[in-house]
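Single-letter residue listing:
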Amino acid sequence: MNHMKHWRIGNPITTGAIQTDIPLQPKLDLLSGDLIQSAPKKSPSTLDSATSTLDSATPTITLTYALAPTDQVLGLGQNLGGINKRGRTYTSYCTDDPHHTEDKTALYGAHNLIVIVGETAELIYIDFPGAVTFDVGFTVPDRLTITVHGDSTDIYTMSDKSASLCFQAFRKLIGKPYMPPKWAFGYFQSRWGYKSEQDLLTVQKQFADNQIPLEGIYVDIDYMERFKDFTVDTANYPDFKGLVGRFKQSHQYLIPIIDAGVKIEKGYPVYEEGLKGDHFVMDPSGKPYVAAVWPGRVHFPDFLRPETRAWFGDWYRYLIDQGIEGIWNDMNEPAIFYDEVGLAGAIDKAIESKGKNLDIDSYFALGDAFKGLSNQEAYYKRMQHRYEGQVVSNHKVHNLYGSFMTQSAFEGFAKHLPNRRPLILSRASHTGMHKYSGIWTGDNSSWWSHLALNVRMMPSLSMMGFLYSGADTGGFGGHASAELLSRWLQFSVFTPLLRNHAALGTRAQEPYEFSPDHTAINRQLISIRYRLLPFLYSEFLKAYHEDALLFKPLSLVFPGGRASQIDDQIMLGDSVMLVPVISANQTGRIVHLPEPMDLVCLTETGETVTAYKAGDVYIPYPISGVQFFLRQGHMIPLVQTALNTAGLSKSVVTWAGALGDDAKTTKTLGYTWYDDDGISQDVLELGPQYEQCQIAIQSDGSVQTKLNDSKHQLVTAHGPKRVL
Ligand code: MIG
C-alpha cells in the first residue's frame, strides 16, 4: 500500500477538512512536473500534465489524468450523474439551484474527492475552499481534467489495491462523522406550508388515527416571526415550548429550520447583537454587506470567524430552552435572492427599456436581467470575510460558509445540551462538515429520475463521510403521485434520514393523503422501517467505527464483472443488496445477481426468504412490502414494529438468514450487532459496542446458537421456521 501524499502549491487557505497531519512532499514545482513524476506510470491512471496560469488575473491550476477505457471514476459526493462519474462535468461551488436537471453541474455540496479505479485505485483530493471543476472524460473521453480556480491549493493523493482501501484512508484523514441520536432514524413528516400549531397537531393526529409510525415533524420557515432566526410567530404558535413538550410526551420531536441570513430590523436582538459584535460579513467598503433572502434585506453572519460561530451557536439555546433537540440549517450556500447592486442594475435595465421597441436580443436580455438575479458570482465577490487574519472575498472561500454555520450549530448544541446527540442537518456542505451534521439532498422534484438520483447519490455521500443523509422522499418540487411516494418509501426506508418533505403549493403528500389503499401501503412501508431500524442503526455504527461506507456501489464488492456497471442496485453494509423499483407502472424489475443470494420480502409482521441463483432475473416487486437481497452466509435482525423508536424492543428478534437452498452441509450464519444507548455523545469514545450473534445449522437440521437471551426466530429459504 502507498501512503497518503500531501502536496502543496503556493500558499493555500485552510479549509479545516483534513484532521490528520500528513507531512508535505518536497515543494511542488508544477512546471518541472514533480507531480507527474510522482504519479504511477501504470494503469489505471497517469497524471499526464500539471499546468498553471498563476500570473493571470484569474489564476488556475490544472491537473490532467489519462483514463484507460475501462477505468471507473468514483467520488464527488453530492452531485449529479452516475455512480461512475465519467462522461460529464462537475463543479464544486455550493449552489442553491432547485432544478436538479441533467444539464446542471453543481448542487449544494462541494466534495472534491476522486478515486480512479482500474487495476489499482488512485485517490485525488483537492483541499481547496473555492471553485473546482472536474471534466471527467466529457471534453476528451479518455481524459480527466481537474481545474482549481485559484493560485494555491493543497492536494492529497494515494494509490492502493482497491477503491475501498482509498475511501477508508480518506475517512481516516477527515475524521469521524457526526453520530445522530437513535431517534433520528425514525420516520419524519415535513412540509413547507404547515402554518400553525393546529396544522402540526392535525398531522400528528392523522398519523395516530391511521396507525402510521411518526417520530417527529420538521417545522419550516413559517414558524418564525417574519422569517427572523430565533423567533417564534406567537399568533400561530401561542405556546411553542408547550407544544414541543406535548410532542415529546408522545416521544415525538419538532425540528425547526434556521436560515443563514439575519433580518435587518431595528430592535431585533440577533441583528443588534450581530452589529455590535461586528459579526457580519462586509461589503468592499467595510460596512455590513446587504443582500436579500426570505425576510427581505439581511446581513450574513461571518461564520468563518470563531467568535461569530460562538455567538451564533449560543443563539440555538433559544430553541434548546424550549425543548428542541434538532434543527436544519437552510440557505447556507449562502443563497441570495439579490443584492442592492444587482437589483439596481436590473431595474435600470427595465427603465431603459421603457417605450423601446424590444427585439429578440433586448427582450431576452431584459428578462434575463431579472431571472438571473439570484446567487450571482458577483455577490459572492462583494461579500468579504475575515478569515485567519486576512480579508477574503466569499468567492474565494465560498464552499466553507455552510459548513462553518453548521459547526456553529453543533458547538452551540454541545454547549447547551451537553452529552446529548442532537439531530442536525445542513443543506450546504464542504468536505469535513460530516463531523458536525448530516445533509439532506436539497430541493429535488417529484420525478422518477430523482428517485434514481437518490439511489446513485447515497454511495457517493458515504465516500465523503456523510452517513446521515437522505432525500426529500416523495420529492420536494412538483406533485407526487401515490405510486411515486410508495416506491420512494421502499427505497428510503433504508436511508438513515427518512423524511417526506414537499414544497409550498405542491400536492399534499403525507402518506395518508392519497387513497385508503395507499394509506395502508404506506403504513406498511413505514412500519417496516421500524422493523429494520435496529439493523440500520447497527450498520451505521459499524460504518462509523470502522471508517467504512454505509452504502457502496456494487463495483466495490463485485469488481470487474457486469455488476460493476450497475447503478440502480447498491449495497447497504456488507450483506444487503438493495434493488429499488425506480420507474412508473412496474410490477417488478430485472435484477443482476453477481452471486447466488437470497431474496428477503418483508411485511409489517412477517417475512419470507427465497434463494436465487446468480445471473439476471426478473423479480416481482409489488408496491406493498419491502424487498432486498441478502448475501449467503449472512443474517440480519428484524424486530417487531412500533409507532416510534421509544417503542422498539429487542425482546423478540426474527433473523432473516441466507443459507441458499442447499441444506446438506453445516452452515454458520453470523451477525455483529452494534448498539449503544442511542443518545449520549461520550459512549462513542468507549469504542464500538457490539454483540456477536451466531447460528450454526448442522446437516441434520439441528441448530446451535450464540445469541442474547431474547426470543429468537430464524427464517431461511427452506424448511420450517425454526424458533430458537
Ligand atoms: O428557497 O424553507 O431546501 O427544504 O422547505 C426555499 C423553505 C427555502 C429550501 C429548502 C427546503 C425548504 C425551503 N427552503
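Check the entry above for the structure.
These figures come from a predicted structure and were not determined experimentally.

For the rest of this paragraph, the subject is the sheet that holds strand E26 (residues 472–473). Spatial ordering of the open sheet is given by E25-E24-E22-E18-E14-E13-E12-E27-E26, a layout of 9 strands whose pairing is parallel. Two strands bound the open sheet, and with one partner strand each, they are strand E25 (469–470) and E26. Alignment of strand E24 (residues 438–440) against E25, held across 2 bridges, turns out to be parallel. Within the sheet, the bridge partner assigned to Ile439 lies in E25 and is Ser469. With respect to the sheet, helix H3 (residues 197–209) is in contact with strand E12 (187–189), strand E13 (216–219) and strand E14 (253–259), its orientation differing from that of E13 by roughly 155°.

On to the packing of aromatic side chains, then. As enumerated under the stated definition, the model contains 39 aromatic pairs in all. Relative to Tyr380, the ring of Tyr93 lies with its centre 6.2 Å away and its plane at 70°, an arrangement referred to as edge-to-face. Here Tyr93, found in the loop between strand E5 (88–92) and strand E6 (109–110), pairs with Tyr380, found in helix H10 (residues 377–382); they are 287 residues apart in sequence, far enough to count as distant. Taking relative accessible area as the criterion, Tyr380 reaches 2% and is therefore assigned buried. Taken together, a centroid distance of 5.3 Å and an interplanar angle of 85° make the contact between Phe185 and Tyr537 edge-to-face. Of this pair, Phe185 sits in the loop between helix H2 (163–174) and E12 while Tyr537 sits in helix H15 (residues 516–546); the two residues are 352 residues apart in sequence, bridging distant segments of the chain. Of the two residues, Phe185 and Tyr537, both sit in the buried class. Through successive ring pairs, a cluster of aromatic residues spans Phe230, Phe280, Phe300, Phe303, Trp311, Phe312, Trp315, Tyr316, Tyr401 and Phe413. In this structure, Arg499 is placed above the aromatic ring of Tyr218, and the distance from its NZ or CZ to the ring centre is 4.6 Å. Above the face of the Trp673 ring, Lys650 is positioned so that its terminal group lies 4.3 Å from the ring centre.

Moving on to the pattern of salt bridges. In this structure the tally under the stated criterion is 34 salt bridges. With a shortest N-O distance of 2.7 Å, Arg297 and Glu340 are connected by a salt bridge. With a gap of 43 residues between them, Arg297 in strand E17 (residues 296–299) and Glu340 in helix H8 (residues 340–353) connect regions that are remote in the sequence. Given the relative accessible area of 44%, Arg297 is considered partly exposed. Taken together, the salt bridges that share partners define one network made up of Asp96, Asp330, Glu333, Arg427 and Asp443.

The next thing to look at is the nonpolar core. Within the largest apolar cluster, 189 residues are counted, with the highest numbers of intra-cluster contacts made by Phe300, Tyr316, Leu423, Leu532 and Phe628. Formed by 22 residues, the second largest nonpolar core is a distinct cluster that contains Val73, Ile116, Ile126 and Val136.

Taken in spatial order, the 4 strands make up an open sheet running E36-E37-E41-E42, and their pairing is mixed. With partners counted over all chains shown, the strands left at the sheet margins are strand E36 (635–639) and strand E42 (722–723), one partner each. Across 2 bridges, strand E41 (residues 711–715) lies against E42 in antiparallel orientation. Counted as the bridge partner of Gln713 is Val723 from E42. Contacts from H15 reach E36 and strand E37 (652–657) within the one sheet, and its direction differs from that of E36 by about 130°.

What surrounds the ligand is a group of 13 residues, the closest being Asp220, Asp330, Arg427, Asp443 and His501. In the environment of the ligand, a nitrogen atom lies 2.7 Å from a nitrogen or oxygen atom belonging to the side chain of Asp330. Taking Asp443, its side chain carries an N or O atom lying 2.5 Å from an oxygen atom of the ligand. Computed on the free molecule, the ligand has an accessible area of 350 Å², of which 94% lies beneath the protein chains in the complex.

Let us look at the pairing of strand E39 (residues 690–697). Consecutive side chains along a regular strand alternate between the two faces of the sheet. Alignment of strand E38 (residues 667–674) against E39, held across 8 bridges, turns out to be antiparallel. Residue pairing in the sheet places Trp673 in a bridge with Glu691 of E39. Sheet analysis places E39 next to strand E40 (residues 703–706), joined by 4 bridges and oriented antiparallel. Looking across to E40, one finds that Ala696 is bridged to Gln704.

When we look at burial in helix H6 (residues 306–315), the residues that qualify are Thr308, Arg309, Trp311, Phe312, Gly313 and Trp315. Along its buried surface, H6 packs onto E14, strand E15 (262–263), helix H5 (269–276), helix H7 (317–320) and helix H12 (401–416).

Here we take up the environment of Arg529. Here Arg529 shows up in helix H15. Here Arg529 falls in the buried class, since its relative accessible area comes to 0%. For the pair Arg529 and Gly186, spaced 343 residues apart in sequence, the C-alpha separation works out to 7.8 Å. What Arg529 contacts, discounting residues up to four positions off in sequence, is Phe185, Gly186, Ser492, Val493, Phe494, Thr495, Pro496, Leu498 and Leu536. A polar side-chain atom of Arg529 sits 2.8 Å from the main-chain carbonyl oxygen of Thr495.

As a further point, take the packing of H8 against helix H9 (residues 360–371). Two numbers describe how H8 lies on H9: the axes approach to 9 Å, and their chain directions differ by 155°. One way to sum up the angle between H8 and H9 is to call them roughly antiparallel. Read as a crossing pair, H8 and H9 show a hand that is left-handed. Counted together, Ala346, Ile347, Lys349, Ala350 and Ser353 of H8 and Ala365, Leu366, Ala369 and Phe370 of H9 form the full contact between these two elements. Of the residues in the contact of H8 with H9, the class split is 7 nonpolar, 1 polar and 1 charged.

Let's shift gears to the pairing of strand E9 (residues 132–136). Of all 5 residues in E9, 4 are buried; the element is thus mostly enclosed. Alignment of E5 against E9, held across 5 bridges, turns out to be antiparallel. For Arg88, the partnering residue across the bridge sits in E9 and is Val136. When E9 meets strand E10 (residues 143–148), the two strands line up antiparallel, connected through 5 bridges. Among the inter-strand pairings, Phe134 is bridged to a residue of E10, identified as Ile146. If you look at the hairpin formed by E9 and E10, you'll find 6 residues sitting between the two strands, and Gly137 has a positive phi there, around 65°.

Thresholds, definitions, all that
- Each residue is numbered by its place in its chain's sequence as written, counting from 1.
- The predicted origin of the model limits local features to residues at a pLDDT of at least 70 and limits the giving and counting of side-chain atom pairs to 80 or more, whereas totals for whole chains, interfaces and linings rest on all residues.
- Each side-chain value is worked out from all heavy atoms of the structure, with water and hydrogens disregarded.
- Two strands are said to pair when DSSP picks up at least two bridges between them.
- Secondary structure elements are defined from DSSP: runs of H or I of at least 4 residues count as helices, runs of E of at least 2 residues count as strands, and each element is numbered from the N terminus.
- A contact between two residues is defined here by any heavy atoms of the two lying within 4.5 Å.
- To get an axis, a line is fitted to the C-alpha atoms, and for a helix only the part in contact is used. The angle between two axes follows their N-to-C directions and goes from 0 to 180 degrees.
- Each Phe, Tyr or Trp ring, with Trp reduced to its six-membered ring, pairs with another whose centre is within 6.5 Å; inter-plane angles below 30 degrees give stacked pairs, above 60 give edge-to-face pairs, and intermediate values give tilted ones.
- The rule is simple: take the accessible area with a 1.4 Å probe, protein chains only, and divide by the maximum for that residue type; under 20% is buried, over 50% is exposed, in between is partly exposed.
- Criterion for a charge above a ring: Arg CZ or Lys NZ at most 6 Å from the ring centre, at most 35 degrees from the ring normal.
- We count a salt bridge whenever a side-chain nitrogen from Lys or Arg sits within 4 Å of a carboxyl oxygen from Asp or Glu.
- For this analysis, a nonpolar core means a set of buried residues of the types Ala, Val, Leu, Ile, Met, Phe, Trp, Tyr and Cys, connected via side-chain atoms within 4.5 Å.
- A single heavy atom is enough: if one lies within 4 Å of a molecule or strand, its residue is considered near that molecule or strand.
- Definition of a polar contact: a pair of N or O atoms within 3.5 Å, with one able to donate and the other able to accept a hydrogen when the atoms are protein atoms, and with sequence-neighbouring residues admitted only if both atoms are side-chain atoms.
- For the area figures, the Shrake-Rupley method with a 1.4 Å probe applies, and any residue is considered shielded solely by the protein chains shown.
- When an angle is under 35 degrees it counts as roughly parallel; over 145 it counts as roughly antiparallel; between 65 and 115 it counts as roughly perpendicular; any other value is oblique.
- The handedness criterion is simple: a crossing whose near helix is rotated anticlockwise from the far helix by less than a right angle is left-handed, and one whose near helix is rotated clockwise is right-handed.
- The classification used treats Ala, Val, Leu, Ile, Met, Phe, Trp, Tyr, Cys and Pro as nonpolar, Asp, Glu, Lys and Arg as charged, and all other residues, Gly among them, as polar.

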